[in-house]
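Spelled out, the chains give:
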Amino acid sequence: MSKKRQKRKKIKEKLFNKRRLIILNEDTFEETFSLKLTLMNVFVVASLGAIIITFVTTFIIAFTPLREFIPGYSSSKLKRDAMELALKSDSLSKALKRNEAYIKSIQKVLTGELEYAKFSKDSILEAADEISTRVDLSPSKEELELREQVAKEEKNTLSKKSKKE
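Residues numbered from 1 in each chain as written. Predicted model: local features only at pLDDT ≥ 70, side-chain atom pairs only at ≥ 80, totals over all residues. Heavy atoms only, no water.

Examining the overall build of the protein
Then comes step 1: Across its full length, the protein holds five helices and two strands.
Then comes step 2: In sequence order, the secondary structure elements of the protein are arranged as α-β-β-α-α-α-α. (Helix = DSSP H or I, 4+ residues; strand = E, 2+ residues; numbered from the N terminus.)

Quick look at the structure:
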């Protein structure tokens, strides 16, 4: 026990023992700067400096445009441009479908498969819109089986709860 106390005392003595930092002019050996320090003071100042540097760096990265250079962050301008491009591509694909339907019906008229009297641009465009908006929402066999299985499991859990009560 006394050895531990002696070690602690030596460590405490080393940490709080005052030392002098002197900066001298090498040519004249004139004292330029002098400072009394302890190892504990140096440790505290170094720790505080590291914490302040970390805080300032985090602040600069989080609240300035520098964050755009970090992988995973994207700029607001990039997001806006992506949204605009997505909307444009969607409208272009719709226009392309309409034009394809119109060209196909013109080809039918030119080849004689469709009479000119039945041919109108409005009816073709409406048909193209109807084709693109039709979606089959009926459940598949697998989905129906899954629904039945979930319903059976719910009945089993409800019957087990009612038996416990």
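Digging into the pairing of strand S2 (residues 31-37)
Then comes step 1: In terms of strand pairing, strand S1 (residues 19-24) meets S2 through six bridges, oriented antiparallel. Within S2, the residue paired with Ile23 across the bridge is Phe33.
Then comes step 2: If you look at the hairpin formed by S1 and S2, you'll find six residues sitting between the two strands, and Phe29 has a positive phi there, around 55 degrees. (Pairing = 2+ DSSP bridges.)

Comments concerning the pattern of salt bridges
Then comes step 1: As enumerated under the stated definition, the model contains one salt bridge in all.
Then comes step 2: Between Arg147 and Glu143 there is a salt bridge whose closest N-O contact spans 2.8 Å. Placement of both Arg147 and Glu143 in helix H5 (residues 141-164) is noted, with a separation of four residues, approximately one turn of the helix.
Then comes step 3: Assessed through its relative accessible area of 35%, Glu143 is described here as partly exposed. (Salt bridge = Lys/Arg side-chain N within 4 Å of Asp/Glu carboxyl O. Buried < 20%, exposed > 50% of the residue type's maximum accessible area, 1.4 Å probe, protein only.)

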